[in-house]
Amino acid sequence: MSRPAKRITITGAAGQICYSLLFRVARGDVYGPDQPVILQLLDLPQAQAAVRGVVMELDDCAFPLLAGVMITDDPETAFRDADAAMLVGSRARSKGMERRDLLAANAEIFKVQGRALNAAARRDARVVVVGNPANTNAAILAQHAPDFPAENITSMIRLDHNRAASQLAAKAGVGVEAIERLAVWGNHSPTMFADWRFATAGGRSLPELIGDETWYRETLIPTVAKRGTAVLEARGASSAASAANAAIDHLHDWIHGTDGRWVSMGVPSDGSYGIPKGLVCGVPVTCAGGRYERIAGLTFDGFAQSMFDRTVGELAEEMAAVAAL
Ligand SMILES: NC(=O)C1=CN([C@@H]2O[C@H](COP(=O)(O)OP(=O)(O)OC[C@H]3O[C@@H](n4cnc5c(N)ncnc54)[C@H](O)[C@@H]3O)[C@@H](O)[C@H]2O)C=CC1
Ligand SMILES: O=C([O-])CC(=O)C(=O)O
């Protein structure tokens, strides 16, 4: 263990997603098999005992790459010198809670965490927001971290990307690794737009290979959009392992590169595709040299444009609702 350890801030450490996430990060799934890591775990004061239990289990795994674990309920302590941050903790909807209340509660959390990130994290830290509403939480985080590079604050839409890739591969009868040039646009919500128009499998156009536009519009898109609900109904608990896996894919690919493959990330708008600045929006990217690059110059037909406008419109509405609070 000669290299200095990378510090990863992870919030919501006592929750369901982290019960899967922490063990994989500690095993090296983000930074790779030669890179020691230190976990800096944040959760609420009332969750500290549960976090201590999870840390006992981390100890009991005897992970060779785990160089340390810190537990705290103080955001600034959690973000101190962080090389990366996975912001999973957020306020879940409780009975009788309106959407407006949920947005307000999360806006407050990400405002506080934005200030802490601004004060304490390394300037080259890579941040992925997982806690819902993930895109809007990321945009609020960036607003409150004015000295931190906004392009390093992203949100997770990779779970939708992976869900779509898996469904498309099954339909086409190919391995999921054959699926290339898939794009998921917009909000991590049922409005997200899984766009297969440029997708290929083994170099062949996927829409041509599958040859069923009706299936795409009436089955694929709604299946991906409602997948979280379907898992919740079947399992009686929300998608935790697949969400943790997607968060690892997101950060791993950002750090290590995608070798030219497209993946989808929620990134701060630079105005391209007409996405209003200030929004954090799912777009297709490639990653290389520790940076993501948006896929530029894609065109939209009537259906794609209407799907794109709907999901970007929803993001703009969420931001307006937060601004009005
Ligand atoms: N972007 C995506 O694709 C997905 C996002 N999610 C979202 O991820 C979030 C976490 O999911 P689960 O782990 O299943 O939830 P959970 O309810 O099991 O755990 C959430 C944890 O966050 C903690 N927490 C709440 N406020 C906090 C704060 N201010 N600072 C630090 N920790 C805080 C709670 O104490 C709890 O331990 C939820 O918002 C969920 O909707 C889930 C699946 C996919
Ligand atoms: O709503 C949730 O907590 C779960 C979620 O985001 C998903 O499974 O996509």
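Thresholds applied
Residues numbered from 1 in each chain as written. Chains lettered and ligands numbered in written order. Predicted model: local features only at pLDDT ≥ 70, side-chain atom pairs only at ≥ 80, totals over all residues. Heavy atoms only, no water. Near = heavy atom within 4 Å. Polar contact = N/O pair within 3.5 Å; in protein donor to acceptor, adjacent residues only side chain to side chain. Areas by Shrake-Rupley, 256 points an atom, 1.4 Å probe, with all protein chains shown as cover. Helix = DSSP H or I, 4+ residues; strand = E, 2+ residues; numbered from the N terminus. Nonpolar A, V, L, I, M, F, W, Y, C, P; charged D, E, K, R; others polar. Buried < 20%, exposed > 50% of the residue type's maximum accessible area, 1.4 Å probe, protein only. Core = buried A, V, L, I, M, F, W, Y, C linked by side-chain atoms within 4.5 Å. Contact = heavy atoms within 4.5 Å. Pairing = 2+ DSSP bridges. Axes fitted to C-alpha atoms, helices over the stretch in contact; angles between N-to-C directions. Parallel < 35°, antiparallel > 145°, perpendicular 65-115°, else oblique. Salt bridge = Lys/Arg side-chain N within 4 Å of Asp/Glu carboxyl O.

Chemist: What am I meant to see in the site of ligand 1 here?
Modeler: Neighbouring ligand 1 are 23 residues, the closest being Gln16, Ile17, Asp43, Ser90 and Asn132. Contacts to ligand 1 include Gln16, whose backbone N or O atom sits 2.9 Å from an oxygen atom. Take Asp43: an N or O atom from its side chain is 2.6 Å from an oxygen atom of ligand 1. Considered on its own, ligand 1 offers 870 Å² of accessible surface; in the complex 81% of this is hidden by protein. For the shell around ligand 1, the secondary-structure elements that each account for two or more residues are helix 1 (16–27) and helix 4 (99–120). Of the residues in the shell around ligand 1, the class split is 11 nonpolar, 11 polar and one charged.

Chemist: Which parts of the structure should I look at to understand the environment of Asp29?
Modeler: The topology assignment puts Asp29 in the loop between helix 1 and strand 2 (37–42). A residue is classified by how much of its surface remains accessible, and Asp29, at 18% relative accessible area, is buried. Taking the C-alpha atoms as reference, Asp29 lies 13 Å from Ala84; in sequence the two are 55 residues apart. There is a polar contact of 2.8 Å between the side chain of Asp29 and the side chain of Arg24.

Chemist: How should the site of ligand 2 be read in this particular structure?
Modeler: Around ligand 2, a shell composed of Asn132, Leu159, Arg163, His188, Gly228 and Ser239 is seen. Contact distances for ligand 2 include 2.8 Å between an oxygen atom and a side-chain N or O atom of Arg163. At 2.7 Å from an oxygen atom of ligand 2 is found a side-chain nitrogen or oxygen belonging to His188. In the complex, 63% of the free accessible area of ligand 2, which totals 270 Å², lies under the protein chains. Among the residues making up the shell around ligand 2, the classes are represented as one nonpolar, four polar and one charged.

Chemist: I'm lost on the nonpolar core in this one. Help?
Modeler: Most often, soluble globular proteins have nonpolar side chains that are buried together. In terms of nonpolar packing, the biggest core is built from 105 residues, with Ile10, Leu21 and Met86 touching the most fellow members. Of the residues forming this core, the biggest block, eight residues, is contributed by helix 10 (residues 241–256). Ignoring any residue separated from it by four or fewer positions in sequence, one finds Ile10 in contact with Cys18, Leu21, Leu22, Val25, Leu39, Gln40, Leu41, Leu42 and Met86.

Chemist: Quick question: what am I supposed to make of the sheet that holds strand 10 (residues 200–201) here?
Modeler: Pairing between sheet strands relies on hydrogen bonds along the backbone, with the strands arranged either parallel or antiparallel. As summarised here, the arrangement of the three strands in space is 7-10-11, forming an open sheet in which the pairing is antiparallel. Among the strands making up the open sheet, the edge pair consists of strand 7 (179–180) and strand 11 (204–205). Note: strand 10 against strand 11, two bridges, orientation antiparallel. Across the sheet, Ala201 pairs through a bridge with Arg204, a residue of strand 11.

Chemist: What's the story with the packing of helix 6 (residues 158–172) against helix 10 in this structure? I'm lost.
Modeler: Running from N to C, helix 6 and helix 10 cross one another at 105°; their axes reach a closest spacing of 8 Å. In this view, helix 6 runs roughly perpendicular relative to helix 10, as classed from their interaxial angle. Across the interface between the two elements, Arg158, Leu159 and Asn162 of helix 6 pack against Ser242, Ala243, Asn245, Ala246, Asp249, His250 and Asp253 of helix 10.

Chemist: When you look at the pattern of salt bridges in this model, what are you seeing that I'm missing?
Modeler: Pairs can form between side chains of opposite charge whenever their charged atoms are close. Per the counting criterion, the structure on display carries 12 salt bridges. Between Arg80 and Glu76 there is a salt bridge, with its nearest N and O atoms 3.6 Å apart. Residue class for Glu76 comes out partly exposed when judged on its relative accessible area of 34%. The residue Arg122 makes a salt bridge to Asp124 at a minimum N-O spacing of 3.0 Å.

Chemist: What am I meant to see in the environment of Gly114 here?
Modeler: By secondary structure assignment, the location of Gly114 is in helix 4. Judged by its relative accessible area of 0%, Gly114 is buried. A C-alpha to C-alpha distance of 39 Å links Gly114 and Thr200, two positions 86 residues apart in sequence. In this structure, Gly114 is in contact with Leu141, His144 and Ala145, ignoring residues within four places of it in sequence.

Purely geometric stuff here, so don't read any function into it on its own.
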